[in-house]
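Now for the letters of each chain:
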Amino acid sequence: MRVQTSTNVTDTSWITGCDYLLQLKRIVATTERTIIVWDYKAQGSSQDNYFVIKPMDHCLLCVCVVPLPDHLCRDDILLGDDGGFVNRFTVNSDDFGIKQAKSKRKLQNQVLDSKNFKSVKRKLHNDWVMKIRYISALNCFGSCSLDSNHSLVLESLKRLEDNLPVREFSMPRGANTFCYCVKANVIVTGGDDKVIRLWHPNISTKPVGKLVGHMFSITEIVTNEKDQHVVSLSSAKVFRVWDIQTLSLLQVFHDSQGGPGDMQIYSMIYDANHGMLITGSSVMDMYPLTRMIQDTKQVPHTHEREINVMLYNKYFHQVLTICSESIIRVWELETGLEVYQILEPHGFNTEVTSAAVDESGFLFATGAYNGTVRIWDFGSGQEMKVLPEGKDWKEDEHCLRRLIFLKAQEKHQQLVLALERNGTIKMIQGKEDDIYLMVIWELPDVVPFLQDGKHAVHLRMSTRDRNMAIPFPDVELIVERNFSQPTDNPTMDLLRVNCIDLLQVEGYNLIAAGTLNGVIILWNFVTSTVKKVYRPEDCFTVNPDLHPKHFKINDILFLFRTPECARRSSQDSICSSSQCESSKGPQSSKGSKQSIHDSEVKGEQTDVMVGKQQPMDKKHPGIANLPEAQPPILVTAHEDGHLRLWTLEGRLLKDMLPFTKHSAISLTSLYTDSCTRILLAGNVEGHVILCNISSFLDPPHDEKKFKQLLSWRAHSLEIIQVIYVEEKQVVLTASIDGSVRLWHALNGHYCGYFGQRRLFELSQTRDFILPCDVTEYPIEIKEESKFTEKQKYEYPLIFDREKWRKMSSMSLLFKRTPPKAFEVEQDFKFFKSLSSPKIRRYPLEGFVTENREAGIVFGSLPIYSISSPTSLRFLPLIGIEAQKDSSDGFTGKKKGGHVQREKAPRRSLKKNLVPQINLASSFFPAIPKMRGRNHQTLSVISGVRPSY
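In this text, all values refer to a predicted model and were calculated from it rather than measured experimentally.

Undergrad: Mind showing me how you'd approach the overall build of the protein here?
TA: What the protein contains, in helices and strands, is eight helices and 62 strands. Counting all 948 residues of the protein, 52% fall into the buried class. Residue pairs at least 24 apart in sequence account for 55% of intrachain contacts in the protein once pairs closer than 6 positions are excluded. Taken as a whole, the protein presents about 46,300 Å² of accessible surface, with 50% of it coming from carbon and sulfur.

Now the structure itself:
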């Protein structure tokens, strides 16, 4: 690690190392026999402001500074030499006359005698000391050597002053480099034996882990603390990225510029602040990081086949997924680890098409393509009950599309509501002492009776005796005797039920069904009626050229706020109104994102207040009379991409086309939280739409209260299910691409996917991450500011000639005689250039661009990009002003904070080598975070600080 440079004291010297003196604000560098202290901030030529300390007993090979925050104007320097000695050198501000720096006299180069400085040394190795570092977390220093017996020494500074035994780590052929990882608490070493070893600082007998893979000697090792990665470099310029926790190889890349001997890399550091891997050879290379969460370069896969079902168990905090290959997998939400899996749960080559979790979370049911239903224990995955296949069933006639657990009125009873592909809705019952399930109830086919303009059919409740109570009675349709059921009617198939939802609360016992042609059918078991709530012909002028399936309902959902949630929402609104009464300024454009979180936090606080006491508020006397729960609302997701909300009477409250990059995309899935404050929707192109409906459910149902907050691309293919997890503020998405992914609900940032090897990090991070198959940024729907809404500008401006004749311009006011007509006309030019003011309603937003062309690596892994335009290169030369030439025929010039590139004649470039790079927070602030490939010479020792 040497760089040839001129010091003007000796003819030629080789820089072997450098570091930054934190207290003296100087740079210290070592040559073979001298120590150089450079005042890089001094005015004038940088060659005239340094001190040389000499002579030294041995050839100095490495240097580091010991941070001493308690000692002002003093720094301790640790030096390693070719004799195996570790030297501690103390320098003070008085030694260099820093107190006299305010004098106007020009500083001269000075040579200082090393004997006048306080120093101690001790022989710790029998070979060259290759690297020395001070580890503040362990309060000790470390030095490594090519000595096989004393390869690494880890001790406190006091051991340099005595001859007591020291902690020694031995390894074959010694160690060329080492580093310390604070989070993992391991020392990482590498040397000529090509093996990376991980050591516990207090266990020197045996390493805790080994990483094998390099084919050449390991020359440098650095750590990425944030991601728990180790980056190692071999003499062949091959970089390897390792995971410290799993001891696995994550990435391999190499520097292909020049031959192995032409541009040997001598030093390497990792800049955590800017996410840069920096190497030094005859040039400085900066490898920016691209953050992606992937295991391989392929699209993330939770299952090998497309996902059919995704469920969330809020009591177990686990996610259940089922693919078309009929593999059930259960995952931990917080970590993403797989708990267990069930292969072929319904038999060989039988596809599972639906599933449901009961209210307690202890059971889940699965429905298959052949109509069979099974109930399982969620904790263990053991099968408990089964509904066998009927003998006379056709192959796909009884395929189950939806399962819903019902509230059983007796203990040890399971009731499941099932929807078949043919539109049949039936109830399946399970008893405690019977392993077989049975169909005990089935809704009659009401579709033929709702034809020909008939909107409602009355129901007759059956009085048949049953051994067990069920939530729905047996019903029969009350129809006219002379009614003849139509046969072979093509519109009958279009009225087939495609989706259902259930509402079982006090005062309501409803089943809503959506059909293939957009008709909503509502079964009301309280009023004993079934009616056609909505059909497209009743609300829209239907284009006859459109196919009836254009209005197909893909999902239907009840929006109902329980009295508990209604009370909480009411107190939230009162609290917010009292807090915001004094500040009625413009709304923040980001207020919508925080409204989800704020409402939940406020709800938790109000629960505590109500549990203790409900004081009477004098300012708001209505707080004691809380509103009752409002009637439920139906929301439907349509094939034409519209989101429509209805009353139970069929009145359209809101018809919305969600805003995404491409409009009119078919919606596939709906989901709402427990208190019906947000609404999630997914579409066939992989978008997730997040809406705020908290205030919309409160009467009157104003359309403006329904607000879309966010939209982001979660998958490249169709989403089959979206789920919002309230306690974690995350969104789960499942797609036919075979992956189940996790997203932050407040901003649409990517967390990861189930099946990746790295554990999830659900905490909010600054890094914006996207999966490899998604390139679109989340779209935040901005709210109109109250201030900007009041300002209305009419343009172009219209000149009112009559008003102008009654006025006179300022230029004519001082004239005694009245202005003539032509004089007024000349002033019309004043208006020709006048236009309405252009005001930006929202501040300009900036995004940190990342390089995603480098590839994909596992788990939050930063990709070190080397063959992309973001690779930044500097050509350093010590003690010489910045030159205007480069190896690729471009020159770098600083103008306006940016580096401009201009053509220059190609020259043969033989620059001096860079021995060591060191970043210090107080020394490196001037280095800009640059984008683009720029070659530029720097006037800085060892290429540390650029000089523009």
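Undergrad: For this particular structure, what's the right way to read the sheet that holds strand β30 (residues 338–343)?
TA: By definition, the strands of a sheet pair up through backbone hydrogen bonds, in either a parallel or an antiparallel sense. Strand order in the open sheet made by the four strands is β27-β28-β29-β30, with antiparallel pairing throughout. This sheet does not close on itself; its edge strands, each paired only once, are β27 (307–313) and β30. If you compare each strand with its neighbour and ignore which way they point, the axes differ by 15 degrees on average. The pairing of β27 with strand β28 (residues 318–323) spans six bridges and is classified as antiparallel. Bridged to Tyr312 within β28 is Val319.

Undergrad: What is the right way to read the environment of Asn87 from this model?
TA: Within the secondary structure, Asn87 is located in strand β9 (residues 85–92). Asn87 sits 36 residues away from Lys123 along the chain, and the two C-alpha atoms are 8.8 Å apart. Here Asn87 is in contact with Ile77, Leu78, Leu79, Asp81, Val120 and Lys121, once residues within four sequence places are set aside. Within the local environment of Asn87, its side chain forms a polar contact with the side chain of Asp81, the two groups lying 3.3 Å apart.

Undergrad: Help me understand the nonpolar core in this model?
TA: Membership of the largest hydrophobic core comes to 31 residues, with the highest contact counts inside it found for Trp441, Ile511 and Trp523. Secondary-structure elements contributing two or more residues to this core are β36 (413–420), β37 (425–431), β38 (438–442), β39 (456–461), β40 (475–478), β41 (497–505), β42 (508–515) and β43 (520–524). Those residues in contact with Ile511 that sit more than four places away from it in its chain are Leu417, Ile425, Trp441, Leu443, Phe472, Asp501, Leu502, Ile521, Leu522, Trp523, Phe525 and Phe558. Counting residues in hydrophobic clusters, the runner-up holds 19 residues, among them Ile633, Met656, Leu667 and Cys691.

Undergrad: For this particular structure, what's the right way to read the pairing of strand β18 (residues 195–199)?
TA: Looking down a regular strand, the side chains alternate between one sheet face and the other. With five of its five residues buried, β18 lies for the most part within the structure. The side-chain alternation of β18 yields two buried faces, one formed by Val195, Arg197 and Trp199 and the other by Ile196 and Leu198. In this structure, the hairpin formed by strand β17 (residues 186–190) and β18 is closed by a connection of four residues, where Lys194 is found at a positive phi of approximately 70 degrees. Alignment of β18 against strand β19 (residues 209–212), held across four bridges, turns out to be antiparallel. What sits directly across from Leu198, in β19, is Gly209.

Undergrad: For this particular structure, what's the right way to read unusual backbone geometry?
TA: Glycine aside, the phi torsion of most residues is negative, and most peptide linkages are trans. A cis amide bond links Lys54 to the next residue, Pro55, at an omega of 0 degrees. Take Pro55: it is sitting in the loop between β6 (50–54) and β7 (60–66). Along the chain, Pro699 connects to Pro700 via a cis peptide bond; the corresponding omega equals -5 degrees. Positioned with a positive phi, Arg173 is a non-glycine residue whose angle comes to about 65 degrees. As for its position among the elements, Arg173 is in the loop between β15 (167–169) and β16 (177–181).

Undergrad: I would appreciate a short explanation of the packing of aromatic side chains in the present structure.
TA: Geometrically, a pair of aromatic rings is defined through the distance of the ring centres and the angle of the planes. Taken as a whole, this structure holds 21 aromatic pairs when the rule is applied. With centroids separated by 6.0 Å and ring planes inclined at 70 degrees, the aromatic side chains of Phe253 and Tyr287 adopt a geometry described as edge-to-face. Linking Phe253 in strand β23 (residues 248–254) with Tyr287 in strand β26 (residues 284–292), this pair joins segments that are 34 residues apart in sequence. Given a relative accessible area of 8%, Phe253 falls into the buried group. Ring geometry for Tyr508 and Phe560: centres 5.6 Å apart, planes at 65 degrees, overall edge-to-face.

Undergrad: Which parts of the structure should I look at to understand the sheet that holds strand β13 (residues 140–145)?
TA: Read across the sheet, four strands follow the order β12-β13-β14-β15 without closing on themselves; strand pairing throughout is antiparallel. At either margin of the open sheet sits one strand with a lone partner, and together these are β12 (129–135) and β15. Mean inter-strand twist for the sheet, computed between neighbouring axes without regard to direction, equals 15 degrees. Direction of pairing for β13 relative to strand β14 (residues 152–155): antiparallel, over a ladder of four bridges. Following the sheet pairing, Phe141 is matched in β14 by Glu155.

Undergrad: Is there a simple way to think about the state of the cysteines in this case?
TA: Two cysteines form a disulfide when their sulfur atoms are joined by a covalent bond. Tallying each qualifying case throughout the model produces one disulfide. In this model, Cys565 is linked to Cys675 through a disulfide, with the two sulfur atoms separated by 2.2 Å. Between Cys565 and Cys675, the disulfide has an S-S torsion of -65 degrees and is therefore left-handed. With a gap of 110 residues between them, Cys565 in helix α3 (residues 563–580) and Cys675 in the loop between β49 (667–672) and β50 (678–683) connect regions that are remote in the sequence. According to the relative accessible area criterion, Cys565 is buried, its value standing at 7%.

Undergrad: How should I be thinking about the side chain of Thr189 in this particular structure?
TA: Here Thr189 is to be found in strand β17. Classification of Thr189 as buried rests on a relative accessible area of 1%. In terms of polar contacts, Thr189 uses its side chain to reach the side chain of Trp199, at 3.0 Å. In contact with Thr189, not counting residues within four places along its chain, are Leu152, Met171, Thr177, Phe178, Val195, Ile196, Arg197, Trp199 and Ile221.

Undergrad: Looking at this structure, how should I read the confidence of the model for the protein?
TA: Interpretation of this model should avoid reading the predicted coordinates in detail wherever pLDDT is low. Summarising the model, the protein shows a mean pLDDT of 75, and 67% of its residues fall at 70 or more. This model gives residues 599–624 a pLDDT under 50, and the stretch forms 28 contacts once residues within four places in sequence are excluded.

Undergrad: Please explain the pattern of salt bridges as it appears in this structure.
TA: Opposite charge on two side chains permits them to pair, given that their charged atoms come into close proximity. On inspection of all chains with the given rule, the structure shows 20 salt bridges. Residues Glu161 and Arg88 are paired through a salt bridge, measuring 3.9 Å at the closest nitrogen-oxygen approach. In this pair, Glu161 sits in the loop between β14 and β15 while Arg88 sits in strand β9, placing the two residues 73 residues apart along the sequence. In this structure Glu161 comes out as exposed when scored by relative accessible area, which is 56%. As a salt-bridge pair, Asp640 and Arg644 come within 3.0 Å of each other at their nearest N and O atoms. Judged by its relative accessible area of 7%, Asp640 is buried. What you see here is one network of salt bridges that share partners, running through Arg74, Asp76, Arg88 and Glu161.

Undergrad: What exactly am I supposed to notice about the side chain of Ser114 here?
TA: Position of Ser114 relative to the elements: it lies in the loop between β10 (110–113) and β11 (118–123). Among all residues touching Ser114, those that are not within four sequence positions of it are Ile53, Lys54, Pro55, Met56 and Phe89.

Undergrad: Would you mind going over the environment of Val339 with me for this structure?
TA: Mapped onto the secondary structure, Val339 falls in strand β30. Overall, the relative accessible area of 38% leaves Val339 in the partly exposed class. When sequence neighbours within four positions are dropped, the list of residues in contact with Val339 reads Gln318, Val330, Trp331 and Glu332.

Undergrad: How do you make sense of the environment of Arg197 when you look at a structure like this?
TA: Turning to its location among the elements, Arg197 is positioned in strand β18. Each C-alpha atom of the pair Arg197 and Lys210 lies 4.6 Å from the other, and the pair is 13 residues apart in sequence. Apart from the residues within four sequence positions on either side, Arg197 is in contact with Met171, Pro172, Ile187, Val188, Thr189, Pro207, Gly209 and Lys210. Within the structure, the side chain of Arg197 is placed 2.6 Å from the side chain of Asp193, a separation counted as a polar contact.

Criteria and cut-off values
Residues numbered from 1 in each chain as written. Predicted model: local features only at pLDDT ≥ 70, side-chain atom pairs only at ≥ 80, totals over all residues. Heavy atoms only, no water. Helix = DSSP H or I, 4+ residues; strand = E, 2+ residues; numbered from the N terminus. Buried < 20%, exposed > 50% of the residue type's maximum accessible area, 1.4 Å probe, protein only. Contact = heavy atoms within 4.5 Å. Areas by Shrake-Rupley, 256 points an atom, 1.4 Å probe, with all protein chains shown as cover. Pairing = 2+ DSSP bridges. Axes fitted to C-alpha atoms, helices over the stretch in contact; angles between N-to-C directions. Polar contact = N/O pair within 3.5 Å; in protein donor to acceptor, adjacent residues only side chain to side chain. Core = buried A, V, L, I, M, F, W, Y, C linked by side-chain atoms within 4.5 Å. Phe/Tyr/Trp six-rings, centres within 6.5 Å; stacked < 30°, edge-to-face > 60°. Disulfide = S-S within 2.5 Å. pLDDT = per-residue confidence, 0-100. Salt bridge = Lys/Arg side-chain N within 4 Å of Asp/Glu carboxyl O.

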